[in-house]
Amino acid sequence: MSSLTVYANEPSTRGKVVLHTSLGPLDVELWSKEAPLACRNFVQLGMEGYYDGCIFHRVIKDFMAQTGDPTGTNRTSVLCGTGKGGECALSAEHKNERLLGMASSGPDTNKSQFFVTLDRCEWLDNKHTIFGKVTGNSIYNLNRFNEVEVGEHDRPTYPPRILRMEVLLEPFDDIVPRPSAVAPPPEPAAKKRRKGVKNLSLLSFGEEAANASSQLPDPREEYEKLRREIASKEAER
């Protein structure tokens, strides 16, 4: 039996998340039964904060908006331990907009990057794993991506970004954020301060000044001593 399954009807929803973006929230329904690996990878990374701050580094009007690379260069992707490509592609669903698909360069290359379609795009059939769609009134926020100004290589002049992912309904009950992925870096050990030598000739206060002045010679005694030496030398002449 072929690993490619084509769904004529929209799959049932099993999992919901909200992608909070700089253009407004996107309510996403996940198709975790038909695309479990892609959904697990997506939710795992989202719960660990991997997508926080990611820009939409590629936007093509009436086609799609792509994100998921923390470097914003379309080069870096990570692979969650259980998530990889090679599962069903919902080819019939490319006839609709608002779909979430895994960006890939071939079989078994699905990693962290994904895209959202902004219009019908049947030419993507059988090429990408579709694992959910944007729903509700948040489609109006999605439409704002078509208004984004872009430059060379379809890169937005002022890229929208993902602020955070909020999981409303977990599609899997065994996903736990990995401590190594979410724990903040340990703070460096506090360095012991070296005791500095006080320079009382610059500034002194209170007892320090009093102690310092008691150790200095009386200027009147110095003056009398100098006067006597001069008088003695004059007498010798």
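Residues numbered from 1 in each chain as written. Predicted model: local features only at pLDDT ≥ 70, side-chain atom pairs only at ≥ 80, totals over all residues. Heavy atoms only, no water.

(A) Structural context of the pairing of strand β1 (residues 16-21). Extensive coverage of β1 is indicated by the burial of five of its six residues. One ladder, built from six bridges, connects β1 with strand β2 (residues 24-30); its direction is antiparallel. The residue of β2 that forms the bridge with Leu19 is Leu26. If you look at the hairpin formed by β1 and β2, you'll find two residues sitting between the two strands. Note that β1 and strand β8 (residues 162-169) share six bridges and pair antiparallel. In the strand pairing of β8, Thr21 is matched with Ile162. (Buried < 20%, exposed > 50% of the residue type's maximum accessible area, 1.4 Å probe, protein only. Helix = DSSP H or I, 4+ residues; strand = E, 2+ residues; numbered from the N terminus. Pairing = 2+ DSSP bridges.)

(B) A look at the confidence of the model for the chain. In this model, the chain carries an average pLDDT of 75, and 61% of its residues clear a pLDDT of 70 or more. When pLDDT is averaged over each helix and strand of the chain, the minimum, 51, is found for helix α4 (residues 206-215) and the maximum, 98, for β1. Under a pLDDT of 50 for its full length, residues 1-8 has, in the predicted model, 19 contacts with residues more than four places off or in other chains. With pLDDT under 50 throughout, residues 76-86 is counted as low confidence; its partners more than four residues away or in other chains account for 34 contacts. (pLDDT = per-residue confidence, 0-100. Contact = heavy atoms within 4.5 Å.)

(C) Molecular detail of the nonpolar core. In this structure, Phe42, Tyr51, Phe114 and Phe131 are the most contacted members of the largest nonpolar core, which totals 32 residues. Broken down by secondary-structure element, the contributors of at least two residues to this core are β1, β2, α1 (36-47), β5 (99-102), β6 (114-117), β7 (130-135) and β8. Broken down by element, the residue count for this core peaks at five residues, all from α1. Apart from residues no more than four positions distant in its own chain, Phe114 is found in contact with Leu19, Phe42, Tyr51, Ala65, Gln66, Thr67, Leu100, Gly101, Met102, Ala103, Phe131 and Ile162. Counting residues in hydrophobic clusters, the runner-up holds nine residues, among them Trp31, Ile60, Phe63 and Cys121. (Core = buried A, V, L, I, M, F, W, Y, C linked by side-chain atoms within 4.5 Å.)

(D) A look at the pattern of salt bridges. Counting across every chain of the model gives two salt bridges. A salt bridge links Asp174 to Arg40; the shortest N-O distance between them is 3.1 Å. Taken together, the positions of Asp174 in the loop between β8 and α3 (179-182) and Arg40 in helix α1 put the pair 134 residues apart, joining distant regions of the chain. Judged by its relative accessible area of 47%, Asp174 falls in the partly exposed class. Assessed through its relative accessible area of 18%, Arg40 is described here as buried. (Salt bridge = Lys/Arg side-chain N within 4 Å of Asp/Glu carboxyl O.)

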